[in-house]
Protein chains: 2
Amino acid sequence: MASRYLEDWTVGERFETPPYTLTRERALAFANEYDPQPFHLDDAAAAASIFGRLSASGWQTVSITMRLIIDLGMFSGPGVGLGVDNLRWLRPVYPGDSLRVVSECTEVRATLEKPNGVVTFRNEAYNQNDVKVLSYVAIMLVNKRPTPSP
Amino acid sequence: MASRYLEDWTVGERFETPPYTLTRERALAFANEYDPQPFHLDDAAAAASIFGRLSASGWQTVSITMRLIIDLGMFSGPGVGLGVDNLRWLRPVYPGDSLRVVSECTEVRATLEKPNGVVTFRNEAYNQNDVKVLSYVAIMLVNKRPTPSP
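Quick summary incoming for the structure in this document.

Rules and cut-offs
Residues numbered from 1 in each chain as written. Chains lettered and ligands numbered in written order. Predicted model: local features only at pLDDT ≥ 70, side-chain atom pairs only at ≥ 80, totals over all residues. Heavy atoms only, no water. Least-squares fit on C-alpha atoms with pLDDT ≥ 70 in both. Contact = heavy atoms within 4.5 Å. Helix = DSSP H or I, 4+ residues; strand = E, 2+ residues; numbered from the N terminus. Buried area = accessible area lost by both parts, 1.4 Å probe. Salt bridge = Lys/Arg side-chain N within 4 Å of Asp/Glu carboxyl O. Polar contact = N/O pair within 3.5 Å; in protein donor to acceptor, adjacent residues only side chain to side chain. Nonpolar A, V, L, I, M, F, W, Y, C, P; charged D, E, K, R; others polar. Pairing = 2+ DSSP bridges. Axes fitted to C-alpha atoms, helices over the stretch in contact; angles between N-to-C directions. Parallel < 35°, antiparallel > 145°, perpendicular 65-115°, else oblique. Buried < 20%, exposed > 50% of the residue type's maximum accessible area, 1.4 Å probe, protein only.

## Some points on the relation of the copies chain A and chain B
Take chain A, turn it by 180°, move it 0.0 Å along the axis, and it overlays chain B with an RMSD of 0.0 Å. Both copies are brought into coincidence by an operation consistent with a two-fold rotation axis. Among all residues of chain A, the one whose C-alpha sits closest to the rotation axis is Asp 85 of chain A, at a distance of 2.5 Å. A share of 100% of interface residues in chain A that are also interface residues in chain B marks the association as one of identical surfaces.

Shown next as structure tokens:
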């Protein structure tokens, strides 16, 4: 996907990322550092939890969606996140699962005097069985195309 | 803070975490894995960006708030996140910054027939200069107190 400025985005436009497979090692490393709850770290505790088996931290799964989107190289200049609305973790993600992101541009807002504008996307992550595991609205600050010097 | 069930939460209740200091090494490790944008990885690129110097990924800073809250040990059984609303990254977070979370319980919802309910919190993270760097509403599934067997 070619690198894009604010002017290149159109509401309704969709894109999709390749899949990312989450290893057990990476799930444990993330949970150890940021979400050290027994059901993210220990097989026996996970088996007794509502997840049934070791599951990944939701903060890791949403971070993976960021990685997948950044790897597409769509943003000209920084893809700066201003915020996120309506993040919902819909299904557990387990080590070995592969996630891909389907994204739709839902709003483009430009301000005349500013060198950038705001583009919002509805991002949805699906696992290898095409089950939607999470969704959110990302609010991104995106650069306008530089005007050539006179 | 003592471990809590659904019945123990009251709207308006507030708690605060100790601080967490983000090292440059951890900021780079997270960015490499989940948010590999030049301004999170390279000092020169960061100096030329709107951040002015190397800044942490917003997904890392919000993950740190999770770690700080989990470390308080408040949730009896899993602290399962259902979702997040109104996440806003208000200020950059730089390596060396210390973050702490101030949280307020904003809603407690119980359903008679279910073994758990929903508690929402407004979480705000402040840096070492008491500047608010991010805020969000966390929607958590929390267990009810088990009823003793007859």
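## Concerning the environment of Lys 114 of chain A
Along the chain, Lys 114 of chain A falls in the loop between strand E4 (98–110) and strand E5 (116–126). Lys 114 of chain A sits 29 residues away from Asn 143 of chain A along the chain, and the two C-alpha atoms are 9.1 Å apart.

## Overview of the interface of chain A and chain B
Opposite the 35 residues of chain A that make contact, chain B presents 35 residues. Regarding the contact of chain A and chain B, the summed buried area is about 3100 Å², with carbon and sulfur atoms giving 61% of it. The tally of links between chain A and chain B comes to four salt bridges. With a shortest N-O distance of 3.1 Å, Arg 88 of chain A and Asp 85 of chain B are connected by a salt bridge. Where chain A packs against chain B, one counts 20 residue pairs in polar contact (both at pLDDT 80 or more). Sorting the residues of the side of chain A that touches chain B by element identifies helix H1 (24–34), helix H4 (58–71), strand E3 (80–89) and strand E6 (132–143) of chain A as the ones contributing at least two each. Among the elements that take part in the side of chain A that touches chain B, E3 of chain A stands out by supplying 10 residues, more than any other. Grouping the constituent residues of the side of chain A that touches chain B by class yields 20 nonpolar, eight polar and seven charged. As paired strands, E3 of chain A and strand E3 (residues 80–89) of chain B are joined by four bridges and run antiparallel to one another. Counted as the bridge partner of Leu 87 of chain A is Val 84 of chain B from E3 of chain B.

## Observations concerning the packing of H4 of chain A against helix H1 (residues 24–34) of chain B
Interaxial distance between H4 of chain A and H1 of chain B falls to 8 Å at its minimum, and their mutual angle equals 65°. The pairing of H4 of chain A with H1 of chain B is recorded here as roughly perpendicular in orientation. Every residue of H1 of chain B that contacts H4 of chain A at Gln 60, Ser 63, Ile 64, Met 66 and Arg 67 of chain A is listed here: Phe 30, Asn 32, Glu 33 and Tyr 34 of chain B. A breakdown of the residues in the contact of H4 of chain A with H1 of chain B according to their chemical character gives four nonpolar, three polar and two charged.

## Thoughts on unusual backbone geometry
Residue and element names in this part refer to chain A. Notably, Asn 86 is not glycine yet its phi reads approximately 55°, a positive angle. For Asn 86, the location among the structural elements is in strand E3. Residue Asp 130 is not a glycine yet carries a positive backbone phi of 60°. Turning to its location among the elements, Asp 130 is positioned in the loop between E5 and E6. Overall, Asp 130 belongs to the exposed group, its relative accessible area being 51%.

## Some points on the side chain of Asp 85 of chain A
Secondary-structure assignment places Asp 85 of chain A in strand E3. With relative accessibility at 18%, the residue Asp 85 of chain A sits in the buried group. Within the structure, Asp 85 of chain A has its side chain in polar contact with the backbone nitrogen of Asn 86 of chain B (distance 3.5 Å). Reaching out from Asp 85 of chain A, the side chain makes a polar contact with the side chain of Arg 88 of chain B at a distance of 3.1 Å. Ignoring sequence-local partners within four residues, the contact set of Asp 85 of chain A consists of Tyr 136, Val 137 and Ile 139 of chain A together with Val 84, Asn 86 and Arg 88 of chain B.

## Topic: the pattern of salt bridges
Residue and element names in this part refer to chain B. Applying the stated criterion across every chain, the model contains 24 salt bridges over all chains. For Glu 104, the salt bridge goes to Arg 14, with nearest N and O atoms at 3.1 Å. Of this pair, Glu 104 sits in strand E4 (residues 98–110) while Arg 14 sits in strand E1 (residues 14–16), and the two are 90 residues apart along the sequence. Of the charged contacts, one joins Arg 100 and Asp 130 as a salt bridge, the two residues approaching to 2.6 Å between their closest N and O atoms. With Arg 100 in strand E4 and Asp 130 in the loop between strand E5 (116–126) and strand E6 (132–143), this pair connects stretches of sequence that are 30 residues apart.

## With respect to the pairing of E3 of chain A
As judged from the seven bridges shared by E3 of chain A and E6 of chain A, these two strands associate in the antiparallel manner. Note that in E6 of chain A the partner of Val 84 of chain A across the bridge is Ala 138 of chain A.

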